[in-house]
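A closer look at the structure
Spelled out, the chains give:
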Amino acid sequence: MRKILLAFGLFTLSFAQLTAMEKTQRGPAPVDRSLELSRKFDDRMRAYRPFGQTALLPDISFILDFSLVGRNKKDEEFEHLVIPRLWHRHHDGHGHGMLNEKRGFNLNYGELFLYAPVDPYFDLHATIPFSEHGGQIEEAYAVTRGLPGGLQLKLGKFRSSFGRLNAQHPHAWDFATQPLPNKVFLGDDGLVEKGLQLNLLAPAPFYLLFGLEVLQGENDQSFGYKGFTIRSTTGTTFSLEDRNAPSLYTGFVKTSFDLGNFSLLTGLSYAQGRHRHAHSDHGLDAKSRLYGLDLTARYQIDSVRYIAFQGEYMFRDQEGTRYGFDQQGRVTTRAVERRQSGFYAQLVGRLHKQWRAGLQYNLINKNDVKVDGRSVSTPDNLPAYYAMLEYSPTEFSRIRLQVGENRAFHEPLGGGRFERKPVKEVILQFNFAIGAHGAHPF
Amino acid sequence: MLRAFAILLLSLGFSLAQLKVVATYPWIGEMVREIGRDKVAVHVIAKPTEDFHFVVPRPTHVAKLRGADLLVINGASIEIGFLPPLIQQSNNPKIQPGKPGFLDLSQFVSIIEKPERVSREMGDVHPEGNPHFVYDPHNIPVLARALGDRMCQLRPSDCPFYRSNLEDFLKRWETKLKEWDEGFLRLKGLKVIQWHKTYNYLFLRYGVEVLGTLEPLPGIPPTARHLDTLVKEASGKGVRFVILESFRAGQTRPAQTVAERVGAKVVALPSDVGSEGVKNLFELYDLMLKRLSQ
């Protein structure tokens, strides 16, 4: 930079001299001056760019997530497994999608991050994950830098602040897989929506944050505003239009306290919207409400070592109509009520600067589904447990070994019956970060 | 009724009168207290027991930053791992970088060991150079003046008070500085090994020779192979001390190993005010001198 400035100075100086000489019209023409100038351009000024803006480049970073997976189910078999009345595979290829999907090697994502202040009033963050087949904008949002009264406004597409884990990028997670409640209620990509968030940091002596979000509602698991068309085997169809959007509203409150080396962060979240979702010959239109409770407690043993507990509970309440067809292809409607909940709880310890270990327990403990007021038999004891050991040579590289079993997966047998298919997994995950990547919050 | 209202106004006035300052490290907090005394309310982010590079970004600090009039940082990238998200979450326009409520102390001293080229293959190198300039006691008066100026700018009504406290502090400092110069200069030629390039400003000023670091590269913990090489290079050269910062008290083993093999002694130096029983900035250098003079 200094070199460029110097070169620029030299250039303007000689230019000024040149024009001054021309003005005075005295003395011999500066024959050798052009030579001198061109020589300077040749060597020192090769990089001279009067309008170069390299100093204004945003922080750019790239994160690679790569894994080697061993699983007791063949890929074709694994692909058809579902979590009864809660989750099934979507083949849309958006976002991160499912991580560690195939046996053997997986390129989970290569994620590009950009960050810079836009001007004195806004910061801009962008997250662009690439799969092997292409990229998309997962997040691109502006955040205000200077609203008064402890207010902050976020605009664009972003990960919702619902709960604890959802707002974090997968590379900041403590485990290679997503916890069950997040997976089934918010989806494999999480609750990532277009919209705006207003948050207020209360003028309290402790941390107290209130937030509201108005979001489009494009979540496959709980909040979809898009209409659908279903088609019976006899060829009749039924359609519902798109709901008015934005259709999803969330609210959250988070608070935190310190007691010596012990820190506690806890939050309550609420999301309300409509859910329209369909598969070939049946569809659902429901009012959807999601409640979340999260708790993080961290005890710092010394400047390196710590033990942290993190847990999240989610409860989903849906009421609506299920559209289908009878044998003759006539539209049928049934009242559907779904009350489902689950949690995860994990303990992670860093006992050496480069080593961390952790355990995670997940459970879907409630899976009540009523059709026309009658309960439908549904598996409701759906656990998954994992253990991980992590070695990080530096903050920029990480090798994680995770073993575990997911007992939530079932094979659909048709006629509303399911057979449990426990999935045992060993995942060796590699994560590398280059460039200027911002620090993560607590 | 009127009296109650007057008292309320007065107490409100008093709390408003206090300049609210957040400092990233205890030594910065100490300087603010020396200058502002009872007219400042100081919150310090890092604990003296924490590694200054790896401070936990607890949400509690966000709450303190929200109401702050001034944020004073060490700078030179030392806070890069925890401060940016805290500032972003603070929802406080006054302390954003570039605003008068944001003061970066590294701007006022000359930074040593600025690398020509930076790459992460070199470990955790700060592009701005070595950020641990607090360990040169001659830097303190410069920094205190810069801090006093900024406090004056933010609260002109209290400026004369700040100035007189500052002058008082500087006078006491000059006296001690003579004592320290004398003491530390006696250590000229002393040979040491340290964990990280933490105390280079001190050693550079007073001619203490550093024969190596336990870390193979900045930020990377000691490895057996590196320690072997280090021992080979340093053996027979008269290394007196293997130095580590007080916050590494739980990880003295590599230091012990090297010390035994080169015939040196392990010495913990206080890393900040509050560590090793150090109560203020004066005691910080007193204890460093004492520990190195044994």
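Looking only at helices and strands, chain A features four helices and 22 strands. Counting every position in chain A, which comprises 442 residues, the buried fraction comes to 45%. Counted over contacts in chain A with a minimum sequence separation of 6, partners at least 24 positions apart contribute 63%. By element, 60% of the accessible surface of chain A is carried by carbon and sulfur atoms, the whole surface being about 22000 Å².

Further remarks concern the overall build of chain B. Counting its secondary structure elements, chain B contains ten helices and eight strands. Here the C-alpha atoms of chain B give a radius of gyration of 21 Å, agreeing with the 19 Å that 2.2 N^0.38 yields for 294 residues. Overall, chain B is about 80 × 40 × 35 Å in size when its C-alpha atoms are taken along their principal axes. Classification of the 294 residues of chain B by burial places 55% in the buried group. The contacts in chain B between residues at least 6 apart in sequence include a share of 66% that link residues at least 24 apart. Accessible area of chain B: about 12900 Å², with a carbon and sulfur share of 57%.

Our focus in this paragraph is the confidence of the model for chain A. Here chain A averages 89 in pLDDT, while 88% of its residues score no lower than 70. Of the regions scoring below 50 in pLDDT, residues 5-27 of chain A engages in 16 contacts with residues more than four places distant in sequence or in other chains.

Below, the discussion takes up the layout of surface pockets. All names here are of chain A. Each pocket or cavity is described by its volume, and for the second largest pocket that value is around 1400 Å³. Lining the second largest pocket are 45 residues, with Arg-85, His-279, His-282, Arg-322 and Arg-338 positioned closest to its centre. Elements represented by at least two residues in the lining of the second largest pocket include exactly β12 (262-279), β13 (282-300), β14 (306-325), β15 (331-352), β16 (355-371), β17 (374-376), β20 (410-414) and β21 (417-420). Take the lining of the second largest pocket: its biggest share by element is five residues, from β14. Of the residues belonging to the lining of the second largest pocket, the class tally is 15 nonpolar, 18 polar and twelve charged.

Let's shift gears to empty space enclosed by the protein. Under the definition given, this model contains four cavities of 30 Å³ or more. Reported here for the largest cavity is a volume of approximately 220 Å³. Residue lining of the largest cavity: 20 residues in total, with Met-98, Leu-99, Thr-177, Gln-178 and Lys-183 of chain A positioned closest to the centre. Looking at the lining of the largest cavity residue by residue, the classes come out as ten nonpolar, six polar and four charged. What the second largest cavity holds in volume is close to 60 Å³. Lining the second largest cavity we find Tyr-25, Trp-27, Phe-52, Asn-74, Ile-78, Pro-131, His-132, Val-134, Tyr-135, Ser-271 and Asp-272 of chain B.

Trp-27 and Leu-281 of chain B are the most contacted members of the largest nonpolar core, which has 83 residues in total. It is helix α6 (residues 159-185) of chain B that contributes the most residues to this core, nine residues altogether. Apart from the residues within four sequence positions on either side, Leu-281 of chain B is in contact with Trp-27, Glu-30, Met-31, Ile-140, Phe-169, Trp-173 and Val-273 of chain B. By size, the runner-up hydrophobic cluster in this structure holds 31 residues, among which are Phe-78, Trp-87, Phe-223 and Leu-290 of chain A.

What follows concerns the interface of chain A and chain B. At the junction of the two partners, chain A supplies 42 residues and chain B supplies 32 residues. The contact between chain A and chain B buries some 3000 Å² in all, and 51% of this surface belongs to carbon and sulfur atoms. A per-residue breakdown of the area chain A buries against chain B is headed by Arg-145, Ser-303 and Lys-353 of chain A, which together make up 19% of the total. Between chain A and chain B we count zero salt bridges in total.

Residues and elements named next belong to chain B. Strand order in this open sheet of four strands is β6-β5-β7-β8, and the pairing throughout is parallel. In this open sheet, the two strands that pair with only one neighbour each are β6 (209-213) and β8 (265-269). Adjacent strand axes in the sheet meet at a mean angle of 30° when their direction is disregarded. Taken together, the four bridges between strand β5 (residues 191-194) and β6 define a ladder with parallel strand orientation. Its bridge partner lying in β6, Lys-191 is registered against Glu-209. Along the sheet, helix α10 (residues 281-292) makes contact with β7 (241-245) and β8, crossing β8 at roughly 175°.

Of all the eight residues making up helix α3 (residues 59-66) of chain B, seven are buried; the element is thus mostly covered by neighbouring parts of the structure. Taken together, the buried positions of α3 of chain B are Pro-59, Thr-60, His-61, Val-62, Ala-63, Leu-65 and Arg-66 of chain B.

Attention now goes to the environment of Lys-99 of chain B. All names here are of chain B. Among the structural elements, Lys-99 can be located in the loop between α4 (83-89) and β4 (102-104). When its relative accessible area of 33% is taken as the criterion, Lys-99 is described as partly exposed. Along the primary structure Lys-99 and Leu-70 are separated by 29 residues, whereas in three dimensions their C-alpha atoms are 9.4 Å apart. For Lys-99, the contacting residues outside a window of four places in its chain are Pro-93, Lys-94 and Arg-150.

Quick look at a nonpolar patch on the surface now. Nonpolar side chains collect at one region of the surface, where Leu-259, Phe-262, Leu-295, Tyr-299, Ile-301, Ile-307, Phe-309, Leu-347 and Leu-351 of chain A lie side by side and expose about 790 Å² of accessible area between them. For the nonpolar patch, the secondary-structure elements that each account for two or more residues are β13, β14 and β15 of chain A.

Bringing the packing of aromatic side chains into the picture now. Residues and elements named next belong to chain B. In this structure the tally under the stated criterion is 27 aromatic pairs over all chains. Considering the side-chain rings of Tyr-199 and Phe-203, the 6.3 Å spacing of their centres and the 50° angle between planes classify their relative orientation as tilted. Tyr-199 sits in the buried class, given a relative accessible area of 1%. For Phe-203, a relative accessible area of 2% gives the class buried. Among the aromatic residues, those joined into a cluster by ring pairs are Phe-169, Trp-173, Trp-180, Phe-282 and Tyr-285.

The rules behind the values
- Residues numbered from 1 in each chain as written.
- Chains lettered and ligands numbered in written order.
- Predicted model: local features only at pLDDT ≥ 70, side-chain atom pairs only at ≥ 80, totals over all residues.
- Heavy atoms only, no water.
- Helix = DSSP H or I, 4+ residues; strand = E, 2+ residues; numbered from the N terminus.
- Buried < 20%, exposed > 50% of the residue type's maximum accessible area, 1.4 Å probe, protein only.
- Contact = heavy atoms within 4.5 Å.
- Areas by Shrake-Rupley, 256 points an atom, 1.4 Å probe, with all protein chains shown as cover.
- Rg over C-alpha atoms; globule rule 2.2 N^0.38 Å.
- pLDDT = per-residue confidence, 0-100.
- 1 Å grid on protein atoms, 1.4 Å probe; cavity = no way out; pocket = protein on both sides within 12 Å on 5 of 7 lines; lining within 4 Å.
- Points joined across faces, edges and corners; volume = space filled by probe spheres on them.
- Nonpolar A, V, L, I, M, F, W, Y, C, P; charged D, E, K, R; others polar.
- Core = buried A, V, L, I, M, F, W, Y, C linked by side-chain atoms within 4.5 Å.
- Buried area = accessible area lost by both parts, 1.4 Å probe.
- Salt bridge = Lys/Arg side-chain N within 4 Å of Asp/Glu carboxyl O.
- Pairing = 2+ DSSP bridges.
- Axes fitted to C-alpha atoms, helices over the stretch in contact; angles between N-to-C directions.
- Patch = residues over 30% accessible without salt bridge, like charges linked within 9 Å, V, L, I, M, F, W, Y side chains within 5 Å.
- Phe/Tyr/Trp six-rings, centres within 6.5 Å; stacked < 30°, edge-to-face > 60°.

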